[in-house]
Amino acid sequence: MLSHDKIWAAIDRLAERNQLTPSGLARRAGLDPTSFNKSKRTGPDGRMRWPSTESISKVLEATGTGIDQFMGFIQPEGGGTVPNGAFPPQADSIPLLGFAQAGAGGFFDDGGFPAGQGWDVVEFPASPARKAGVYALEVQGDSMKPLYRDGDVLIVEPGAQVRRGDRVVVKTREGEVMAKVLARQSAKTIELISLNPEHPNRNLDMTDVEWIARIIWASQ
């Protein structure tokens, strides 16, 4: 069950994930900088307040965070705090591949689903049967800092609907694999925002895109 403490803690973790204070997170989302202050989390009568759904929606959009990622920041019932994006122990596993390997042929089918040999495995915090085809990509290098660092593992769901603001992995027909934020997609073009400000944003023709998949989790 959700609680006030867990929702506020999830907001704090979202801020930490983006290297911000709660006030900085509110400011980035265009909110009053005091919106997430400790003093705003309780009413005059001492009872806990809920953050508004509008404020949550704005911070998710401002940070390019999906609702599933935000829910992943919430401490599970009966357990200790799960570190930002870390996986609780599970028996289920999914395919794992490095970004460099992902650019080579033979690892994916035409729909961007795992195929072929040479995959490793990694534990996943939910049964793969509930998200058929999910797999993991291991970040290599520094091109995705500050959000993702060398060695981080991104859980990817091919075939999922992607929307503006989602973090996605895109593979081009030339074999380039990149993690970006989806800015806009039409029938002809796709606009991608770089996770690393030192790397340029990308505009691609959809005819040059082999597949696009949504990032649903990241272990860090």
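Look up a bit, the structure's there.
From a predicted model like this one, the values you see are computed outputs, not experimental measurements. (Residues numbered from 1 in each chain as written. Predicted model: local features only at pLDDT ≥ 70, side-chain atom pairs only at ≥ 80, totals over all residues. Heavy atoms only, no water.)

### Here's the deal with the pairing of strand 6 (residues 177–185)
Consecutive side chains along a regular strand alternate between the two faces of the sheet.
Here's step 1: Of all nine residues in strand 6, seven are buried; the element is thus mostly enclosed.
Here's step 2: In terms of strand pairing, strand 5 (residues 167–172) meets strand 6 through five bridges, oriented antiparallel. Bridge pairing in strand 6 links Lys 171 to Val 177.
Here's step 3: From the end of strand 5 to the start of strand 6, which pair antiparallel, there are four residues, and Gly 175 there has a positive phi angle of about 95 degrees.
Here's step 4: Inspection of the sheet shows strand 6 paired to strand 7 (residues 189–194) by five bridges, in the antiparallel sense. In the sheet register, Lys 180 faces strand 7, and the bridge partner there is Ser 194.
Here's step 5: The loop that links strand 6 with its antiparallel partner strand 7 comprises three residues. (Buried < 20%, exposed > 50% of the residue type's maximum accessible area, 1.4 Å probe, protein only. Helix = DSSP H or I, 4+ residues; strand = E, 2+ residues; numbered from the N terminus. Pairing = 2+ DSSP bridges.)

### Quick word on helix 1 (residues 4–17)
Here's step 1: Here helix 1 spans 20 Å end to end across 14 residues, near enough to the 20 Å set by a 1.5 Å rise per residue.
Here's step 2: Residues of helix 1 that are buried: Lys 6, Ile 7, Trp 8, Ala 10, Ile 11, Asp 12, Arg 13, Leu 14, Ala 15 and Arg 17.
Here's step 3: Buried residues belonging to helix 1 abut helix 2 (22–28), helix 3 (53–63), helix 4 (67–72), strand 5 and strand 9 (209–219).
Here's step 4: Note on helix 1: the residue one or two positions beyond its end, Gln 19, has a positive phi of about 55 degrees. (Expected span 1.5 Å × (residues − 1). Contact = heavy atoms within 4.5 Å.)

### Quick notes on the packing of helix 1 against helix 3
Here's step 1: As a packed pair, helix 1 and helix 3 sit with axes 12 Å apart at the nearest point and diverge in direction by 20 degrees. Classified by the interaxial angle, the pair formed by helix 1 and helix 3 is roughly parallel. Both helix 1 and helix 3 take part in a crossing whose hand is left-handed. Taking contact as the criterion, the partners of Ile 7, Ile 11 and Leu 14 in helix 1 are, on helix 3, Ile 56, Val 59, Leu 60 and Thr 63. (Axes fitted to C-alpha atoms, helices over the stretch in contact; angles between N-to-C directions. Parallel < 35°, antiparallel > 145°, perpendicular 65-115°, else oblique. Left-handed = near helix turned anticlockwise from the far one by under 90°.)

### Regarding the pattern of salt bridges
Here's step 1: The final tally for this structure, using the stated rule, is five salt bridges.
Here's step 2: The partner of Asp 12 in a salt bridge is Lys 38, with the nearest N and O atoms 3.7 Å apart. Pair noted here: Asp 12 is in helix 1 and Lys 38 is in the loop between helix 2 and helix 3, with a separation of 26 residues, a long-range link.
Here's step 3: Residue classification places Asp 12 among the buried residues on the basis of a relative accessible area of 16%.
Here's step 4: Note that Glu 54 is salt-bridged to Lys 58, the shortest N-O span being 3.4 Å. Pair noted here: Glu 54 and Lys 58 are both in helix 3, with a separation of four residues, about one helical turn.
Here's step 5: Overall, the relative accessible area of 31% leaves Lys 58 in the partly exposed class.
Here's step 6: Salt bridges sharing partners connect three or more residues here, namely Asp 12, Lys 38 and Arg 41. (Salt bridge = Lys/Arg side-chain N within 4 Å of Asp/Glu carboxyl O.)

The quantities given are spatial measurements derived from coordinates; they are silent on function.
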